Amino acid sequence: MSGFSWPSEGELDEIKKMVAEMSGSDIEEVRVVVSPYRICPLGAHIDHQGGTVSAMTINKGILLGFVPSGDSQVLLRSGQFKGDVRLRVDEIQLPKHVVKSNDKIQSNDSSELQEESNWGIYARGALYALQSRGNYLRQGITGFVCGSGGLDSSGLSSSAAVGVAYLLAFESANDLTVSPSENIEYDRLIENEYLGLKNGILDQSAILLSRYGCLTCMNCKTKEHKLIHPPKLQKNHPFKILLACSGLKQALTSNPGYNRRVAECQEAARVLLHASESGAVEPILSNVEPEAYEANKCELESNLARRAEHYFSENMRVIEGLEAWASGNLEVFGKLITASGLSSIQNYECGCEPLIQLYEVLLKAPGVYGARFSGAGFRGCCVAFVDADCAEEAASFVKNEYYKLQPKLASQICQENAVLICDAGDCARVM
Ligand code: GLA
């Protein structure tokens, strides 16, 4: 193996044993999908508008052990959630949501879905995505899925990591060869069509394209990506990634805020495109030239003006950040992350009090280069880049200071996981 710290041999053995017991197979027959969580240092909330984002994976994520079941049956068990999920790969899957307005996502089949404690929807979503692009599978799987300690719904793209894990497992069991870009599209179908979240392709692109130690840069409009290799300095790992949990957890699909912001960005794009007489193009902000934005921003109502300002300023931060990363300048890189965090608070207005406090605490911690909300920022954790030599000290500073500000929320977090010190990871793969 690669010498990565995750997954450990022990974690792999444990999951293989579970699947061997569930299926009656030999342990050697068990395959494991490793699907890491991602962070997005720069490029928050602009993927759904066709912006350019930066991302990398971390050494934590989802493990899905599985064997082909020998027929069309799927049996799944989870390390976190109760209840077995049983389905068949040849059942036709239909989207599970009804979007009643721009911002409300509701399930249209209550009892069955709730019984599965909701966690079965990602496997169903993966089948939906594969089927809707003409892949009719014959081979089911028997599988056991688990995520790194307490990090589900934390703004680390756990849902995309799970979706990608099921896609890779079904594809492997059915001998399908699928490229990363096809899987990016399949995961988009799970999230946008099956679950009704109007998100962009940041999460799954990071999970499927990242390489250890590189920064992945993705143009979400053209779908072109590049890996920015680290200079020598970063090969010695002078930084660690801190994840500080707020104690607030909620799946994005159950929070109307995300889709509402997407709709506001589109509305801003519509106004700007109309003002600049840009003709019939899709109303997303990447279709508005920066010059047209500058010339016409006075036409926007104040909330739409803030969303657009976030988009255009964040795109600039990504460009500057890629340069800073390529030259190994973590100070500049970190300052841009912090500025991105501030724009999420002031312009995108997606934070909540505990997350904003956590962001501010991180910025005071020793050795921190920069911090921001991880992911959409409605709940979950904040992420920071920190000098490796200061990581332990910074982690305990953040833990103590956050506890003083939010004792109730902080006491709900398992203390071991309150502030995690992580390293960069690799892309999703089947082992
Ligand atoms: C969530 C979404 C992504 C992206 C981020 C914010 O993780 O799934 O598509 O919009 O929020 O950058």
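Worth saying up front: this structure is predicted, and the values here are computed from it rather than measured.

## Brief notes about the layout of surface pockets
Over the atoms rolls a probe the size of a water molecule, and its path tells where empty space is left.
Move 1: A volume near 320 Å³ is recorded for the second largest pocket.
Move 2: Lining of the second largest pocket is provided by 16 residues; of these, Asp47, His48, Asn199, Glu282 and Ile284 occupy positions nearest its centre.
Move 3: Counting residues per element, the ones that place at least two in the lining of the second largest pocket are helix 5 (180–195) and helix 8 (256–275).

## What to know about unusual backbone geometry
Move 1: A positive phi angle is found at histidine 45, which is not glycine, with a value near 60 degrees.
Move 2: Relative to the helices and strands, histidine 45 resides in the loop between strand 1 (31–39) and strand 2 (52–68).
Move 3: Of note in the backbone geometry, glutamate 277 takes a positive phi value of approximately 45 degrees without being a glycine.
Move 4: Mapped onto the elements of the fold, glutamate 277 is located in the loop between helix 8 and helix 9 (290–296).
Move 5: A relative accessible area of 72% means that glutamate 277 is categorised as exposed.

## Digging into the sheet that holds strand 10 (residues 239–245)
Each strand in a sheet pairs with its neighbour through backbone hydrogen bonds, running either in the same direction (parallel) or in the opposite one (antiparallel).
Move 1: Taking strand neighbours across the sheet as the criterion, the four strands line up as 11-12-10-13 in an open arrangement whose pairing is antiparallel. Here the strands that pair on one side only, and so sit at the sheet edges, are strand 11 (368–373) and strand 13 (419–422). Averaged over neighbouring strand pairs, the angle between their axes works out to 20 degrees when direction is ignored.
Move 2: Bridge count for strand 11 against strand 12 (residues 381–387) is five bridges, and the pairing is antiparallel. Among the inter-strand pairings, valine 368 is bridged to a residue of strand 12, identified as valine 386.

## Points about the pairing of strand 12
Move 1: Judged by how many residues are buried, strand 12 sits mostly within the fold: six of seven residues are covered.
Move 2: As paired elements, strand 10 and strand 12 share seven bridges and run antiparallel to each other. Counterpart to leucine 243 in the pairing with strand 12 is valine 383.

## Some thoughts on a negative patch on the surface
Move 1: A surface patch of like charges, here negative, comprises Glu9, Glu11, Asp13 and Glu14.
Move 2: Assignment of secondary structure puts glutamate 11 in helix 1 (residues 9–23).

## Quick word on the packing of helix 10 (residues 302–326) against helix 11 (residues 330–346)
Move 1: Two elements in contact, helix 10 and helix 11, have axes whose closest approach is 9 Å; the angle formed by their N-to-C orientations is 170 degrees. Relative to helix 11, the element helix 10 is oriented roughly antiparallel. Contacts from Arg306, His310, Ser313, Glu314, Arg317, Glu320, Gly321, Ala324 and Trp325 in helix 10 reach Leu330, Val332, Phe333, Leu336, Ala339, Ser340, Ser343, Ser344 and Gln346 in helix 11.
Move 2: Partitioned by chemical class, the residues of the contact of helix 10 with helix 11 number seven nonpolar, seven polar and four charged.

## Regarding the domain arrangement of the protein
Move 1: Here the domain parsing of the protein yields domain 1 (9–236) and domain 2 (239–259 + 304–422).
Move 2: Between domain 1 and domain 2, a total of about 3,600 Å² is buried, with carbon and sulfur atoms accounting for 67% of that surface.
Move 3: Here domain 1 and domain 2 share zero salt bridges between them.
Move 4: The tally of links between domain 1 and domain 2 comes to nine residue pairs in polar contact (both at pLDDT 80 or more).

## Overview of the side chain of histidine 310
Move 1: Inspection of the secondary structure puts histidine 310 in helix 10.
Move 2: In this view, histidine 310 contacts Ala44, His45, Ile46, Arg317, Ser340, Ser343, Ser344, Asn347 and Tyr348; residues no more than four positions away in its chain are not counted.

## Focus on the packing of aromatic side chains
Move 1: In total, this model carries 10 aromatic pairs according to the counting rule given.
Move 2: Taken together, a centroid distance of 5.2 Å and an interplanar angle of 55 degrees make the contact between tryptophan 325 and phenylalanine 333 tilted. Like tryptophan 325, the residue phenylalanine 333 is buried in the burial classification.
Move 3: Residues tryptophan 325 and phenylalanine 385 carry aromatic rings whose centres are separated by 6.5 Å and whose planes lie at 85 degrees to one another, so their mutual orientation is edge-to-face. Within this pair, whereas tryptophan 325 is found in helix 10, its partner phenylalanine 385 is found in strand 12, the two being separated by 60 residues in sequence.
Move 4: Members of the aromatic cluster, joined through ring pairs, are Phe239, Trp325, Phe333 and Phe385.

## Some details on the site of the ligand
Move 1: The immediate surroundings of the ligand are formed by 12 residues, with Arg38, His45, Asp47, Asp203 and Tyr258 found nearest.
Move 2: Aspartate 203 is positioned such that a nitrogen or oxygen atom in its side chain is 2.6 Å from an oxygen atom of the ligand.
Move 3: At 2.5 Å, a side-chain N or O of tyrosine 258 approaches an oxygen atom of the ligand.
Move 4: Protein chains shield 96% of the accessible area of the ligand, which is 310 Å² for the free molecule.
Move 5: For the shell around the ligand, the class distribution of residues is five nonpolar, four polar and three charged.
Move 6: Each of domain 1 (9–236) and domain 2 (239–259 + 304–422) contributes no fewer than three residues to the shell around the ligand.

## Remarks on helix 3 (residues 121–132)
Move 1: For helix 3, built from 12 residues, the straight-helix expectation of 16 Å at 1.5 Å per residue is met to within 8% by its first-to-last C-alpha distance of 16 Å.
Move 2: Most of helix 3 sits out of view: 11 of its 12 residues are buried.

## Notes on the state of the cysteines
Move 1: Taken as a whole, this structure holds zero disulfides when the rule is applied.
Move 2: Of the cysteine sulfurs around cysteine 427, a residue in no disulfide, the closest is that of cysteine 214, at 11 Å.

## Brief notes about the pattern of salt bridges
Move 1: One pass over the full model with this rule turns up 16 salt bridges.
Move 2: Between glutamate 264 and arginine 261 there is a salt bridge, with the nearest N and O atoms lying 3.1 Å from each other. Linking glutamate 264 with arginine 261, this pair stays in helix 8, spanning three residues, or about one helical turn.
Move 3: When its relative accessible area of 14% is taken as the criterion, glutamate 264 is described as buried.
Move 4: Residues arginine 307 and glutamate 349 are paired through a salt bridge, measuring 2.8 Å at the closest nitrogen-oxygen approach. In this pair, arginine 307 is assigned in helix 10 and glutamate 349 in the loop between helix 11 and helix 12 (353–364), connecting sequence segments 42 residues apart.
Move 5: What makes glutamate 349 partly exposed here is its relative accessible area of 31%.
Move 6: When salt bridges with common partners are traced through the structure, they connect Arg261, Glu264, Arg306, Arg307 and Glu349 into a single cluster.

Each value, and the rule that gives it
Residues numbered from 1 in each chain as written. Predicted model: local features only at pLDDT ≥ 70, side-chain atom pairs only at ≥ 80, totals over all residues. Heavy atoms only, no water. 1 Å grid on protein atoms, 1.4 Å probe; cavity = no way out; pocket = protein on both sides within 12 Å on 5 of 7 lines; lining within 4 Å. Points joined across faces, edges and corners; volume = space filled by probe spheres on them. Helix = DSSP H or I, 4+ residues; strand = E, 2+ residues; numbered from the N terminus. Buried < 20%, exposed > 50% of the residue type's maximum accessible area, 1.4 Å probe, protein only. Pairing = 2+ DSSP bridges. Axes fitted to C-alpha atoms, helices over the stretch in contact; angles between N-to-C directions. Patch = residues over 30% accessible without salt bridge, like charges linked within 9 Å, V, L, I, M, F, W, Y side chains within 5 Å. Areas by Shrake-Rupley, 256 points an atom, 1.4 Å probe, with all protein chains shown as cover. Salt bridge = Lys/Arg side-chain N within 4 Å of Asp/Glu carboxyl O. Lys, Arg positive; Asp, Glu negative; His and termini not counted. Charge placed at Lys NZ, Arg CZ, Asp CG, Glu CD. Parallel < 35°, antiparallel > 145°, perpendicular 65-115°, else oblique. Contact = heavy atoms within 4.5 Å. Nonpolar A, V, L, I, M, F, W, Y, C, P; charged D, E, K, R; others polar. Domains from an automatic or database assignment. Buried area = accessible area lost by both parts, 1.4 Å probe. Polar contact = N/O pair within 3.5 Å; in protein donor to acceptor, adjacent residues only side chain to side chain. Phe/Tyr/Trp six-rings, centres within 6.5 Å; stacked < 30°, edge-to-face > 60°. Near = heavy atom within 4 Å. Expected span 1.5 Å × (residues − 1). Disulfide = S-S within 2.5 Å.

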